[in-house]
Amino acid sequence: MLPYLFVLFSMIAFGLSNVCWKPLLSFRSSTELLFQRSIYTVLLFLTLGIVTRVINMYILPETFDIPSILVNPNTPTAITSILLSLIGLYLFVSSTKLIPTSMAGILICTSSLMSAWLGWWFNQEAITVHLAVGFLMTAIGVMLLENINQWKKPSMKGIRLALGAAALWAIANLGFKTTIPSLGTLNFSLLQECIVLSVTTSIIFIQKKMPDTLQKPIYRFKPEGLILLISGCTVVGVFFNNLGLKQLPISQYALMVLAQPLTTLLAASMWLKERLSKKQWIGTCLILAGIYWGTS
């Protein structure tokens, strides 16, 4: 039961951070935001790891051991998986510029189905009738959360980008599942954020060397508060997500991930003080029922 709560808790954290990303992307590029966020997340993970070692208590399920990352034979696989996940993020952001965000969000949910299939194919995980019905109920619920009537003549390139992101995330999840038990949740989470920081730093450095032909973002407000909130949510989300993925079969983990559209919707509704429609309430109930049915 506890691993399911870990993943659900991480989806709540990611849902809140998703709401914070939207206003920030109007003023800064995704690379700049990921760079700033990763500075904070790396520092937070380092602080968390150091504290657990200094006081010599198991506040968290695992201790911190940076040198072990360097000598672990699974580290190259972990790095590859993290890079694939990051490329998927860039594909998803690119897709939202060509198709409605709600459509991209639903297409991304196919990542869960792909993850379950990869878990069955490579890890011989059983796809039970309960799990299949749970996926069906949850998928219908996710579709009811969005206004599909607004999708008019979608860009095929945008659809391909979103599906490409979903495929990369599914492959990355398989790599995460393989390497997290070996590296440890804290070590893997720190490695994950360090790679994001390294890649975004490199991209920003390259862009600085390019001719100044790109449109510069307009800063209308100081977004540091929101970036700090996103960073905190990311640390919570990444750690508990990796902890849950470590302990759950990837197929059941993939089903739990489908709760993220719901947590994002609820966070946005509370932020904007909007009421859910009847259709969205039905979708909410279907998602919760599907997750319960599929994991019972």
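What you see is a predicted model; the values in this text were computed from it and never measured.

**Some points on the overall build of the protein**
Here is step 1 of the chain: When its secondary structure is counted, the protein shows 13 helices and zero strands.
Here is step 2 of the chain: Its helices and strands in sequence order give the protein the pattern α-α-α-α-α-α-α-α-α-α-α-α-α, from N to C terminus.
Here is step 3 of the chain: Taken over 296 residues, the protein has a buried fraction of 47%.
Here is step 4 of the chain: Long-range contacts, defined here as pairs at least 24 residues apart, represent 89% of the contacts in the protein between residues at least 6 apart.

**A word on the pattern of salt bridges**
Here is step 1 of the chain: All told, the structure shown has one salt bridge when counted by the stated rule.
Here is step 2 of the chain: For arginine 37, the salt bridge goes to glutamate 193, with nearest N and O atoms at 2.7 Å. Separated by 156 residues along the polypeptide, arginine 37 in helix α2 (residues 30-54) and glutamate 193 in helix α9 (residues 185-209) bring together distant segments of the chain. For the pair shown, arginine 37 and glutamate 193 are each scored as buried.

**Some points on a nonpolar patch on the surface**
Here is step 1 of the chain: Judged by side-chain polarity, Met1, Leu2, Leu5, Leu8, Phe9 and Ile12 come together as a nonpolar surface patch covering roughly 590 Å² of accessible area.
Here is step 2 of the chain: Along the chain, isoleucine 12 turns up in helix α1 (residues 2-24).

**Re the nonpolar core**
Here is step 1 of the chain: Within the largest apolar cluster, 49 residues are counted, with the highest numbers of intra-cluster contacts made by Phe45, Phe135, Phe176, Phe188 and Leu191.
Here is step 2 of the chain: Once you skip the residues sitting within four places of it in the chain, phenylalanine 188 turns out to touch Ala78, Ile82, Phe176, Thr179, Ile180, Leu183 and Asn242.
Here is step 3 of the chain: Membership of the second largest hydrophobic core comes to eleven residues, among which are Phe92, Ile159, Ala165 and Trp169.

**Details of unusual backbone geometry**
Here is step 1 of the chain: One non-glycine residue with positive phi stands out, namely glutamine 124, at about 55°.
Here is step 2 of the chain: Among the secondary structure elements, glutamine 124 is positioned in the loop between α6 (110-123) and α7 (129-145).

**So, the side chain of glutamate 125**
Here is step 1 of the chain: Locating glutamate 125 in the fold gives a position in the loop between α6 and α7.
Here is step 2 of the chain: Here glutamate 125 occupies a buried position and makes no salt bridge, while the nearest side chain of opposite charge, lysine 177, is found at 5.6 Å.
Here is step 3 of the chain: Engagement of the side chain of glutamate 125 in a polar contact is seen with the backbone nitrogen of isoleucine 250, the distance being 3.0 Å.
Here is step 4 of the chain: Residues within four places of glutamate 125 in sequence aside, it is in contact with Gly119, Trp120, Pro249, Ile250 and Ser251.

**Topic: the packing of α7 against helix α11 (residues 250-257)**
Here is step 1 of the chain: Between α7 and α11, whose axes approach to 10 Å, the crossing angle comes to 20°. Here α7 lies roughly parallel to α11, going by the angle between them. Crossing geometry of α7 relative to α11 is assigned as left-handed. Seen from α7, the contacting residues are Leu131, Gly134, Phe135 and Thr138; seen from α11, they are Ser251, Gln252, Ala254 and Leu255.
Here is step 2 of the chain: Among the residues forming the contact of α7 with α11, the class breakdown is four nonpolar, four polar and no charged.

**Examining the packing of aromatic side chains**
Here is step 1 of the chain: Tallied over the full model, the rule gives seven aromatic pairs.
Here is step 2 of the chain: Here tryptophan 120 and tryptophan 121 contribute two aromatic rings whose centre-to-centre distance is 5.8 Å and whose plane-to-plane angle is 55°, an arrangement assigned as tilted.
Here is step 3 of the chain: Note on tryptophan 120: relative accessible area 41%, which makes it partly exposed.
Here is step 4 of the chain: Given a relative accessible area of 49%, tryptophan 121 falls into the partly exposed group.
Here is step 5 of the chain: Among the aromatic residues, ring-to-ring pairing joins Phe6, Phe9, Phe239 and Phe240 into one connected group.

**Focus: the environment of aspartate 65**
Here is step 1 of the chain: Mapped onto the elements, aspartate 65 comes out in the loop between α2 and α3 (66-71).
Here is step 2 of the chain: Separated by twelve residues in sequence, aspartate 65 and arginine 53 place their C-alpha atoms 9.1 Å apart.

**Some words on the side chain of threonine 179**
Here is step 1 of the chain: You can see threonine 179 is positioned in helix α8 (residues 156-183).
Here is step 2 of the chain: Of the residues examined, threonine 179 reaches a relative accessible area of 0% and is grouped as buried.
Here is step 3 of the chain: Residues contacting threonine 179, with those up to four places away along its chain left out, are Asn74, Thr77, Ala78 and Phe188.

**A word on the environment of leucine 144**
Here is step 1 of the chain: The residue leucine 144 is located in helix α7 in this model.
Here is step 2 of the chain: Beyond its immediate stretch of four places on either side in the chain, leucine 144 contacts Lys279, Gln280, Ile282, Gly283 and Leu286.

**Describing the packing of α7 against helix α13 (residues 278-295)**
Here is step 1 of the chain: It is at 7 Å that the axes of α7 and α13 come closest, and there the two elements cross at 160°. Between α7 and α13, the crossing angle belongs to the class labelled roughly antiparallel. Taken as a pair, α7 and α13 cross one another with a handedness that is left-handed. Contacts from His130, Leu131, Val133, Gly134, Met137, Thr138, Ile140, Gly141, Val142, Leu144 and Leu145 in α7 reach Lys279, Gln280, Ile282, Gly283, Thr284, Leu286, Ile287, Ala289, Gly290, Ile291, Trp293 and Gly294 in α13.
Here is step 2 of the chain: Each residue belonging to the contact of α7 with α13 can be placed in one class, and the counts come to 13 nonpolar, nine polar and one charged.

Scoring rules and cut-offs
Residues numbered from 1 in each chain as written. Predicted model: local features only at pLDDT ≥ 70, side-chain atom pairs only at ≥ 80, totals over all residues. Heavy atoms only, no water. Helix = DSSP H or I, 4+ residues; strand = E, 2+ residues; numbered from the N terminus. Buried < 20%, exposed > 50% of the residue type's maximum accessible area, 1.4 Å probe, protein only. Contact = heavy atoms within 4.5 Å. Salt bridge = Lys/Arg side-chain N within 4 Å of Asp/Glu carboxyl O. Patch = residues over 30% accessible without salt bridge, like charges linked within 9 Å, V, L, I, M, F, W, Y side chains within 5 Å. Areas by Shrake-Rupley, 256 points an atom, 1.4 Å probe, with all protein chains shown as cover. Core = buried A, V, L, I, M, F, W, Y, C linked by side-chain atoms within 4.5 Å. Lys, Arg positive; Asp, Glu negative; His and termini not counted. Polar contact = N/O pair within 3.5 Å; in protein donor to acceptor, adjacent residues only side chain to side chain. Axes fitted to C-alpha atoms, helices over the stretch in contact; angles between N-to-C directions. Parallel < 35°, antiparallel > 145°, perpendicular 65-115°, else oblique. Left-handed = near helix turned anticlockwise from the far one by under 90°. Nonpolar A, V, L, I, M, F, W, Y, C, P; charged D, E, K, R; others polar. Phe/Tyr/Trp six-rings, centres within 6.5 Å; stacked < 30°, edge-to-face > 60°.

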